[in-house]
Amino acid sequence: MFLKIEHLGIAVRNLESANKLFAALLGTEHYKQEAVEREKVTTSFFQMGGSKIELLEASDPESPIAKFIEKRGEGIHHIAFEVEDIRATIKRLKEEGFHLLSDEPKPGADNKLIAFLHPKSTNGVLVEICQERH
Ligand code: ZN
C-alpha cells in the first residue's frame, strides 16, 4: 500500500549553494547530508511536516544525476512514495506490468530500502518507492 509522498528528489549542480537556497526558501536547515556511493550522489534532506525535499548532487561525472542535468538541466528528478511493504509492492507493480529498474530493493539514503520504476512506464516520471529500514 502506498502511504504518502515521502520526498521529492531535486537534481542540483552544486549542493552547497542549493542547501543555502533551500534553507532560505523553506526557513529550515537541512537535517542531514549523506553520500550514496553506489549511486554516485551526495544527498541532503530537508524536513517539512511528514514530507521531505532531497537534493541530489553528482559525485562523479558518470553519475545518473550528472547525466540527468546534462540532458534536462537542474530540476525535479524523482518523486518518492513511502510504501508499507516494499517487496510486496514490487511484486504487485510487476504483476500490473510496470517496469522496475531492480527486482530487489536496495539500500538508499536516509535509512531506506528503495526501488525505482522506469519513467517509460509512468508517464515520464521517475518514481521511487521506499520503506523505512528497521
Ligand atoms: Zn529519493
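Structural data are supplied above this passage.
What comes next concerns the included structure.

## Remarks on the overall build of the protein chain
Turning to step 1, where the next piece is worked out: Regarding its fold elements, the protein chain presents three helices and eight strands.
Turning to step 2, where the next piece is worked out: Beginning at the N terminus, the succession of helices and strands in the protein chain can be written as β-α-β-β-β-α-β-α-β-β-β.
Turning to step 3, where the next piece is worked out: On C-alpha atoms alone, the protein chain measures out to a radius of gyration of 15 Å, which is about the 14 Å that the 2.2 N^0.38 rule sets for 134 residues.
Turning to step 4, where the next piece is worked out: On the principal axes, the C-alpha backbone points of the protein chain span a range of 40 × 30 × 25 Å.
Turning to step 5, where the next piece is worked out: Buried positions account for 45% of the 134 residues belonging to the protein chain.
Turning to step 6, where the next piece is worked out: For the protein chain, the proportion of contacts with a sequence separation of at least 24, taken over those separated by at least 6, is 52%.
Turning to step 7, where the next piece is worked out: Carbon and sulfur atoms make up 52% of the accessible area of the protein chain, which totals about 7600 Å².
Turning to step 8, where the next piece is worked out: Computed over 18 positive and 22 negative side-chain charges, the separation of the two mean positions in the protein chain equals 3 Å.

## Let's talk about the coordination of the zinc ion
Turning to step 1, where the next piece is worked out: Donor atoms from the polypeptide that bind the zinc ion are His7 (NE2), Glu54 (OE), His78 (NE2) and Glu128 (OE), placed at 2.1 to 2.2 Å.
Turning to step 2, where the next piece is worked out: Classification of the site at the zinc ion rests on its four donor atoms, whose angles at the metal span 84 to 167°, yielding the label irregular.
Turning to step 3, where the next piece is worked out: Each donor residue of the zinc ion lies on one chain, and together they are spaced H-x46-E-x23-H-x49-E. Of the two residues, histidine 7 sits in strand β1 (residues 2–11) while glutamate 128 sits in strand β8 (residues 127–132), which places them 121 residues apart along the sequence. Judged on exposure class, the residue histidine 7 and its partner glutamate 128 are both buried.

What counts and how
- Here the residue numbers are simple positions, counted from 1 along each chain's written sequence.
- Only residues with pLDDT of at least 70 get local features here, since the model is predicted, and only at 80 or more are side-chain atom pairs given and counted; chain-wide, interface and lining totals rely on the full set of residues.
- Note that water and hydrogens are dropped before the side-chain values are worked out from all heavy atoms of the structure.
- Helix and strand assignments follow DSSP, with helices taken as H or I runs no shorter than four residues and strands as E runs no shorter than two, numbered in order from the N terminus.
- Each radius of gyration is computed over the set of C-alpha atoms, and the globule rule expresses the reference value as 2.2 Å times the number of residues to the power 0.38.
- In this scheme, a residue with accessible area under 20% of its type's maximum is buried, one over 50% is exposed, and one in between is partly exposed, where area comes from a 1.4 Å probe on protein chains only.
- By definition in these notes, contact holds between two residues if any of their heavy atoms fall within 4.5 Å.
- Surface accessibility in these figures is a Shrake-Rupley result with a 1.4 Å probe; residues are shielded only by whichever protein chains are displayed.
- His is not counted, nor are the chain ends; Lys and Arg add positive charge and Asp and Glu add negative charge.
- Charged side chains are reduced to one point each, which is NZ for Lys, CZ for Arg, CG for Asp and CD for Glu.
- Sites may look incomplete, because water is not among the atoms used; the donor set itself consists of N, O and S atoms within 2.8 Å of the metal (3.2 Å for Na, K and Ca).
- Each label reflects the angles at the metal, where four donors whose angles all fall between 85 and 135 degrees are tetrahedral, four or six donors whose opposite pairs open beyond 155 degrees and whose other angles stay between 65 and 115 are square planar or octahedral respectively, and the rest are irregular.

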